[in-house]
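Remarks on the overall topology
Below are the chains, spelled out letter by letter.
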Amino acid sequence: MHLGLFLLAAGHHAAGWRFPGAESGTENFELIARIAREAEAAKFDMVFFGDRLVTSKDAHPSMITRPDPLVVLSALAVQTSRIGLAATASTTYSDPFTLARSLASVDLLSKGRAAWNIVTTVQDGSGNFSRTLHPESSERYAIAEEFVQLVKGLWRSWDADPYVRDKEGGVYIDTDKLHELNHAGYYFQVKGPLNVTRSRQGEPVLIQAGSSGPGQRLGARHGEVIFTAQQDLAAAQEFYGELKRQVGEAGRDPSQVKVMPGLMPIVGRTAAEARDKLALLQSFTDQSKAHHMLSVELDFDLSGADLDAPVPDLPLGDGGFSRRKLLLKIAKEQRLTLRELYHHVASSRGHQVFAGTAEQIADHMQHWVNQGAADGFNIMPAYFPSGFEEFTREVVPILQERGQFRRDYTGQTLREHLGLAQSA
Ligand SMILES: Cc1cc2nc3c(=O)[nH]c(=O)nc-3n(C[C@H](O)[C@H](O)[C@H](O)COP(=O)(O)O)c2cc1C
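**What to know about the overall build of the chain**
Broken down by element type, the chain carries 13 helices and 13 strands. Against the globule reference of 22 Å for 424 residues, the chain gives a C-alpha radius of gyration of 21 Å, in line with a compact fold. The C-alpha extent of the chain, read off along each of the three principal axes, is 75 × 50 × 40 Å. Counting across all 424 residues of the chain, residues that qualify as buried make up 55%. Counting only contacts in the chain whose residues sit at least 6 apart along the sequence, the fraction spanning at least 24 positions is 76%. In the structure as shown, the chain presents an accessible area of about 17800 Å², 50% of it carried by carbon and sulfur atoms. If you average the places of the 44 positive and of the 51 negative side-chain charges in the chain, the two averages end up 2 Å apart.

Right under this line is the structure:
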């Protein structure tokens, strides 16, 4: 199976930073580098950084401040040597040439370890950018489709190995290996070519994380890794099957697309100890942030709502809002109040939380992979570093023992770790 570390430097649980012994700090690069090296020592495929483009005083502690993930990746590229390095960047609020260039640069300087998590950005970021309006979900995905095609085109500006460096002949680079792009589309006009050559893995790995219909279609056409939030085996199997079917329909090989649901493991020496840890985390959760965090995750203004009333029926929107749909499904199935749903959101934002012994967690992961629900997991520790170290030092060895996870890297690039073919 494949493993990614979803690194939020104050923990994934909104109260994770308060856990006894926890260290936290998005501003603390030493800590971030230490955690990334721990993931590398455990032979993880990659370490992944999310991103949002707006902040507010009530935001999740791991999200209220955060340096630009691509800049963090460049620093990690020299602090690590094998682990893949993935960053989120928005197709709604970025410029394709600039982003293609930054990603290609990180891919080069990390020797072929970069990945891009393509997001369309649910939260309105227009206040911080020249864009005057936040596009609707369907338009965001139309922009994303053109954006991704354009970025791929730019990445293919140069054929492999164009450098000649013939001192006597006076030929530095073979410009026959350079291709114009001249993209003139609906949203973007970009002449190209890109002034960055290919990395050891060709080009960055593409990750896609949208679960709505248009999100899945974008993933099926371009995604090589698919992140998703899944609560139960049946729903995860359905998503996995449907996504792989769409990949086939798009003319691609389904085995070349890795589906990795998020998983928050809470490791205990006994199941009861793990449950106690989760309860302790929940007891630290700041109730004053509930309205804001629910409004952000449900993408619906809930300020002033009664937290002890049942979760109201909210509209599902214009075909997007898959996270809202997932959270509302959890609320309905478990008959939750808004406050109870807030505890779900504060712990893992709709991702699966599994509290148990290392053995139980390994069994659970193995079961999902064997039952066609996942190709691996995006691990979301509730807090750092011990909440992660318990996973790498107790769960990973069990997976290795069972032949479910590598004992060492066999390749150099992220594409090799993931078993993906070299890009076109
Ligand atoms: C593991 C994971 C990580 C994500 N990270 C980000 C992120 O960093 N920034 C972001 O704007 N959206 C992120 N998303 C949200 C998705 O891009 C997407 O907007 C969301 O799942 C809703 O899907 P939809 O837009 O297709 O409705 C993430 C989703 C998942 C499952």
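Text resumes after the structure shown.
**Some points on the packing of helix α5 (residues 213-222) against helix α6 (residues 233-249)**
Where α5 contacts α6, the axes come no closer than 8 Å and their chain directions differ by 55 degrees. Overall, the two elements α5 and α6 adopt an arrangement that is oblique. Judged by the twist between their axes, the crossing of α5 over α6 is right-handed. Contacts from Gln216, Arg217 and Ala220 in α5 reach Phe239, Glu242, Leu243, Gln246 and Val247 in α6.

**Points about the site of the ligand**
Around the ligand sit 23 residues in total, of which Gly50, Asp51, Tyr141, Ser212 and Ser322 are the nearest. One of the side-chain N or O atoms of Tyr141 is found 2.8 Å from an oxygen atom in the ligand. Calculation on the ligand without its partners gives an accessible area of 610 Å², and the protein chains cover 92% of this total. Secondary structure elements with two or more residues in the shell around the ligand: β4 (114-119), β10 (225-228) and α9 (322-333). For the shell around the ligand, the per-class residue count stands at eight nonpolar, 13 polar and two charged.

**Brief notes about α5**
Of the positions making up α5, those classed as buried are Gly215, Gln216, Leu218, Gly219, Ala220 and His222. Buried residues in α5 make contact with β4, α4 (137-155), β9 (205-208), β10 and α6.

**Observations regarding the packing of helix α3 (residues 96-109) against α4**
Following both chains from N to C, one finds α3 and α4 inclined at 50 degrees, their axes separated by 9 Å at the closest point. Between α3 and α4, the angle is such that the two are oblique. As α3 runs across α4, the sense of the crossing is right-handed. Contact residues: α3 offers Pro96, Phe97, Leu99, Ala100, Leu103 and Ala104, while α4 offers Phe147, Leu150, Val151, Leu154 and Trp155.

**Some remarks on the pairing of strand β13 (residues 376-379)**
The side-chain alternation of β13 yields two buried faces, one formed by Gly376 and Asn378 and the other by Phe377 and Ile379. When strand β1 (residues 2-6) meets β13, the two strands line up parallel, connected through four bridges. Counterpart to Leu3 in the pairing with β13 is Phe377. For strand β11 (residues 258-267) and β13, the ladder comprises two bridges, and the chain directions are parallel. Each residue of the ladder has a partner; that of Gly262, found in β13, is Asn378.

**Description of the environment of Ser24**
In this structure, Ser24 sits in the loop between β1 and α1 (29-41). By relative accessible area, which is 30% here, Ser24 ends up partly exposed. Remark: the alpha-carbon pair of Ser24 and His222, spanning 198 residues in sequence, is separated by 34 Å. Aside from chain neighbours lying at most four places away, what touches Ser24 is Ala9, Ala10, Trp17 and Leu31.

**A word on the pattern of salt bridges**
Overall, the coordinates contain 24 salt bridges when judged by the stated rule. A salt bridge links Lys289 to Asp58, with the shortest nitrogen-to-oxygen separation between them at 3.9 Å. A residue pair is termed long-range when its members are at least 10 positions apart, and Lys289 in the loop between α7 (271-284) and α8 (290-298) and Asp58 in the loop between β2 (46-49) and α2 (69-79) qualify at 231 residues. Since its relative accessible area comes to 21%, Lys289 is described here as partly exposed. A salt bridge links Glu390 to Lys277, with the shortest nitrogen-to-oxygen separation between them at 3.0 Å. Taken together, the residues Glu390 in helix α12 (residues 386-401) and Lys277 in helix α7 connect sequence positions 113 residues apart. Neither Glu390 nor Lys277 differs from the other in exposure class; each is buried. Each member of the salt-bridge network shares a partner with another, and the members are Glu38, Glu389 and Arg393.

**Here we look at the side chain of Arg113**
Turning to its location among the elements, Arg113 is positioned in the loop between α3 and β4. Although buried, Arg113 forms no salt bridge, and the nearest oppositely charged side chain, Glu40, lies 4.3 Å from it. A polar contact is formed between the side chain of Arg113 and the backbone oxygen of Ala77, at a distance of 2.9 Å. Once you skip the residues sitting within four places of it in the chain, Arg113 turns out to touch Glu40, Ala77, Thr80, Ser81, Arg82, Ile83, Gly84, Leu85, Asp107, Gln201, Gln412 and Leu414.

**What about the environment of Ile35?**
Within the element layout of this structure, Ile35 appears in helix α1. For Ile35, a relative accessible area of 3% puts it in the buried group. Counting along the chain gives 186 residues from Ile35 to Arg221, while the straight-line C-alpha distance between them is 33 Å. If we skip the residues at most four places from it in the chain, Ile35 touches Leu5, Leu7, Phe384 and Phe388.

What counts, and where the lines are drawn
Numbers given to residues run from 1 along each chain, matching the order in which its sequence is written. In keeping with the model being predicted, local features are shown solely for residues with a pLDDT of at least 70 and side-chain atom pairs are shown and tallied solely at 80 or more, while totals for entire chains, interfaces and linings include all residues. Values reported for side chains reflect all heavy atoms of the structure, with hydrogen atoms and water molecules removed beforehand. Numbering of helices and strands starts at the N terminus; helices are DSSP runs of H or I of at least 4 residues and strands are runs of E of at least 2. All radius of gyration figures rest on C-alpha atoms, and the globule criterion is 2.2 Å times the number of residues raised to 0.38. Each residue's exposure class comes from its accessible area (1.4 Å probe, protein chains only) as a fraction of the maximum for that residue type: buried when under 20%, exposed when over 50%, partly exposed otherwise. Residues count as neighbours in contact if any of their non-hydrogen atoms are within 4.5 Å of one another. Under the convention used here, a 1.4 Å probe and the Shrake-Rupley method define accessible areas, while residue burial counts only the protein chains that appear. Under the convention used here, Asp and Glu are negative, Lys and Arg are positive, and both His and the chain ends fall outside the count. For this purpose, a charge sits on NZ of Lys, CZ of Arg, CG of Asp or CD of Glu. Think of each axis as a best-fit line through the C-alpha atoms, taken over the contacting stretch in the case of a helix, with angles from 0 to 180 degrees between the N-to-C directions. Just so you know how the angles are binned, under 35 degrees is roughly parallel, over 145 roughly antiparallel, 65 to 115 roughly perpendicular, and the rest oblique. Each helix crossing is assigned a hand: it is left-handed if the near helix lies turned anticlockwise from the far helix by less than a right angle, otherwise right-handed if that turn is clockwise. We call a residue near a molecule or strand as soon as one heavy atom of that residue lies within 4 Å of the molecule or strand. Polar contact is defined as a pair of N or O atoms within 3.5 Å, subject to the rule that within protein one atom must be able to donate a hydrogen and the other to accept it, and that residues adjacent in sequence are counted only when both atoms are side-chain atoms. Just so you know the grouping, Ala, Val, Leu, Ile, Met, Phe, Trp, Tyr, Cys and Pro go in nonpolar, Asp, Glu, Lys and Arg go in charged, and all remaining residues, Gly too, go in polar. A pair of strands counts as paired when DSSP detects no fewer than two bridges linking them. Salt bridges are counted wherever a side-chain nitrogen of Lys or Arg sits within 4 Å of a carboxyl oxygen of Asp or Glu.

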